[in-house]
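Reading the structure
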Amino acid sequence: MPLKSIVVTAIIAFAAGLVFASFAGYELFIPGLLEGTWITIKITLGGALLAVVAAFIAALAKMYGPAPIRWLATCYIEVFRGTSALVQLFWLFFVLPQLGVTLSPMMSAILALGLNIGAYGAEVVRGGINGVSRDQWEATIALNMSRPLALRRIILPQAFIAMIPPWGNLFIELLKSTSLVSLITISDLTFRAQQMNQATFRTLEIFTLVLLIYLGISLLITFGMRALERIATGGIVRGRAS
Amino acid sequence: MVRFSGVTKRYGDLTVLDNLDLDVAPQEKVAIIGPSGSGKTTVLRMLMTLERIDDGVIYVDGRPLTHMESNGGLVRANEKYLRSVRGDIGMVFQHFNLFPHMTVLRNCTEAPINVLGLPKAQAEERAVELLELVGLGDKLGEYPQRLSGGQKQRVAIARALAMRPKVMLFDEVTSALDPELVGEVLNAIRMLGKQFQLTMLMVTHQMGFAKEFADRVCFFYEGKIHEEGPPEQIFNAPERERTQQFLSAVLEAG
Amino acid sequence: MFWDWEYAFEVLPVLAGASIITIQATVLGFILALVLGLIFAIMRMSRNRAISGATTAVVEFIRSTPLLIQIFFIYFVLPEFGIVLDAFLAGTLALGIHYATYCSEVYRAGIEAIPRGQWEAATALNLSPTTTFRDIIIPQAIPPVVPALGNYLVALFKETPLLSAIAVLELMQTAKILGSQNFRYIEPITLVGGFFLIFSLIASAANRYAERRLSTIGKR
């Protein structure tokens, strides 16, 4: 979205937050919500890290791996994109222990959400690499570079820039999907919201505030990715400006 | 130095190169001219291993390019062998194909460092020398986007030369340039023709340059060499009707 | 033996029954998303800065926050204003509104891809803005974006398990109940996963087919 509307939304959200936070008795639920926010941020960061790693491995395996590895990567991508994130989460949380593997709820959460977003990310990585023009590959052949070298030094750095905006969207999807972990007993922001709601019955204030907190984190992600894009395109944009 | 022996290339039903034989001596400068679709660019692209060969063999410095000897016969080359032969060849493209995320200097040192294994200092020394030679000694830290087309193409020439190839391929290197920038690129090519012991194959539409610079001119028509000879003969007294038609059309236009 | 076929066949009919709720929520939610999405798109493109600005803010707000919280919001908060919805309706409404924001982006892209000449021609024929939109722009803007909308249909479908959080008896909730009743989660949850996988694969194959058809129509 355009920068101006981000800023406007941020200001409105901040003002609305102030209004709600200034209601009497906010001290009843604010600390709980902040603790939940921290858990949400931790899961988002862990999931994002896993997603990026999984996406790059899966995409490169699918594009350049030998046949069996290619199929494996395709299976991973299709299964995690084709089933629902909540199903994956429940599968890790309820089914795995019955198969003899018990993960902590936090581990299940990061694993399920990270692998889920990673499967979508793999397509982003693939799209980014395919988006680099054939001319660049031909130049690397003419300079006698090996394929891995060309990929690492020439193709990926250019693909990386094109991948930043779609990754920003995926990170926001990840943040949004972290709310699902409340359903496997993790006391994230969503879990706390329900808990506080049952304790205080300040339903409107609590859920509005929680929505605003999620919006705030989304905006942070958007800003962060924009900054990253600016840094990454530094050389190229500088060139274009003249 | 380079020998095409019965080389054929097809795209589906279309035969782009038909049983081509071409022998290029060391340090010979061959200009390839002809109407578009006559297969002239394909000659260079096959030599650079950018296209597969459907039939026939290309030899570079006596070694088969896309095939290797195995048990007395020729089999399709593997990547390792291909890379060892390909090191003799450098190419400059119509659309420059510079690496946009690297400075001019890095464009010219990337492959020498990572492919040839030169130490960074030596690679930079070599790159600076070449860039100064093509008149870009003051642009080392620039990114390609800030350069004019002519400057970009000169960087591309320096980048290819930094790999110390024995054979240089020029694929319509002035076709994407504004007319006033053509001269600087041709001058760069002229100069390195004098400075280095290079075999050159160039596909070009610059008839004047071909006439002055080349040792031999090949006129391609429908996937074959229709007529070849020293420039004076081809340009002043072409024997075949197609050649005459093509040249008069080109000269009339430009 | 990890997998108990007998138990799997026992729970299958129950899950099949529950899948009807899942499909109902998907269809109703998506219809809402399509209609509301178009309204959002048109409002966002309004010349009136207040309308377009407010719509943009609302759309971005909904897109940036979790669907699950929005489901809770509608289910728990609306009753405070005297609007009491049952769990299925609340959940479907939330799904529809959430995906309407995605659809509105798709519509907008489609509408913006219409060449200026079409607007100018409509102006030259003295058509009213409403007629131009209804008869000239929308009919041209929608077909190319059908595959993109199709993707969001699949995405919405895959988010229906969230309705289990407010105890709608759709697939996921049913699987969970079966699991806790019989102390075996492996078969019901895996079957649910398989159900989603099969439908998603079929849907994306259909979508790719539609995309190819559209691109050949475009070339004609």
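The structure contained in this document is the topic of the report that follows. Since the model is a prediction, treat every value here as computed from it, not as a measurement.

Here's the deal with the interface of chain B and chain A
Listed by partner, the interface residues are 29 residues for chain B and 23 residues for chain A. Each partner contributes to the roughly 2,300 Å² buried at the junction of chain B and chain A, and carbon and sulfur atoms together form 60% of this total. Connecting chain B to chain A are two salt bridges. There are seven residue pairs in polar contact (both at pLDDT 80 or more) connecting chain B and chain A. Broken down by element, the side of chain B that touches chain A gets its largest block of residues, four residues, from helix 3 (residues 104-114) of chain B. Here the side of chain B that touches chain A is composed, by residue class, of 14 nonpolar, eight polar and seven charged.

As for the packing of aromatic side chains
Per the counting criterion, the structure on display carries 23 aromatic pairs over all chains. Above the face of the Phe99(B) ring, Arg159(B) is positioned so that its terminal group lies 4.5 Å from the ring centre. Here the guanidinium or amino end of Arg63(C) rests over the ring plane of Tyr102(C), the centre of that ring lying 5.1 Å away.

What to know about the nonpolar core
Residues Leu33(A), Trp167(A), Phe4(B), Leu47(B) and Leu169(B) are the most contacted members of the largest nonpolar core, which totals 150 residues. Element by element, the count of residues in this core is highest for helix 7 (residues 147-177) of chain A, at 15 residues. Each residue touching Leu169(B), except ones within four places of it in the same chain, is listed here: Leu44(B), Leu47(B), Met48(B), Ile89(B), Gly90(B), Met91(B), Val92(B) and Leu201(B). Ranked by size, the runner-up nonpolar core spans 46 residues in total, among them Ile157(B), Ala158(B), Ala162(B) and Met168(B).

Some points on the sheet that holds strand 9 (residues 167-171) of chain B
Residues and elements named next belong to chain B. Taken in spatial order, the six strands make up an open sheet running 8-9-10-3-11-12, and their pairing is mixed. Sheet topology places strand 8 (89-92) and strand 12 (224-229) at the edges, where each strand pairs with a single neighbour. Taken over all neighbouring pairs, the strand axes of this sheet differ in orientation by 20° on average, direction set aside. In this structure, strand 3 (residues 29-33) lies alongside strand 10 (residues 199-203), joined through four bridges in parallel fashion. Residue Lys29 lies in a different strand from strand 10, and its bridge partner there is Met200. Of the strands in this sheet, strand 8 and strand 9 touch helix 5 (residues 149-161), which is tilted by about 175° from strand 8.

Topic: a nonpolar patch on the surface
All names here are of chain C. A surface patch of nonpolar side chains, amounting to about 950 Å² of accessible area, comprises Ile23, Val27, Leu28, Ile31, Val35, Ile39, Met43, Ile51, Ile198, Phe199 and Ile202. Those elements that place two or more of their residues in the nonpolar patch are helix 1 (5-44) and helix 8 (186-219). When residues in the nonpolar patch are grouped by element, the largest group, seven residues, is from helix 1. Turning to its location among the elements, Ile198 is positioned in helix 8. According to the relative accessible area criterion, Ile198 is exposed, its value standing at 51%.

What counts as what
Residues numbered from 1 in each chain as written. Chains lettered and ligands numbered in written order. Predicted model: local features only at pLDDT ≥ 70, side-chain atom pairs only at ≥ 80, totals over all residues. Heavy atoms only, no water. Contact = heavy atoms within 4.5 Å. Buried area = accessible area lost by both parts, 1.4 Å probe. Salt bridge = Lys/Arg side-chain N within 4 Å of Asp/Glu carboxyl O. Polar contact = N/O pair within 3.5 Å; in protein donor to acceptor, adjacent residues only side chain to side chain. Helix = DSSP H or I, 4+ residues; strand = E, 2+ residues; numbered from the N terminus. Nonpolar A, V, L, I, M, F, W, Y, C, P; charged D, E, K, R; others polar. Phe/Tyr/Trp six-rings, centres within 6.5 Å; stacked < 30°, edge-to-face > 60°. Lys NZ or Arg CZ within 6 Å of the ring centre and 35° of its normal. Core = buried A, V, L, I, M, F, W, Y, C linked by side-chain atoms within 4.5 Å. Buried < 20%, exposed > 50% of the residue type's maximum accessible area, 1.4 Å probe, protein only. Pairing = 2+ DSSP bridges. Axes fitted to C-alpha atoms, helices over the stretch in contact; angles between N-to-C directions. Patch = residues over 30% accessible without salt bridge, like charges linked within 9 Å, V, L, I, M, F, W, Y side chains within 5 Å. Areas by Shrake-Rupley, 256 points an atom, 1.4 Å probe, with all protein chains shown as cover.

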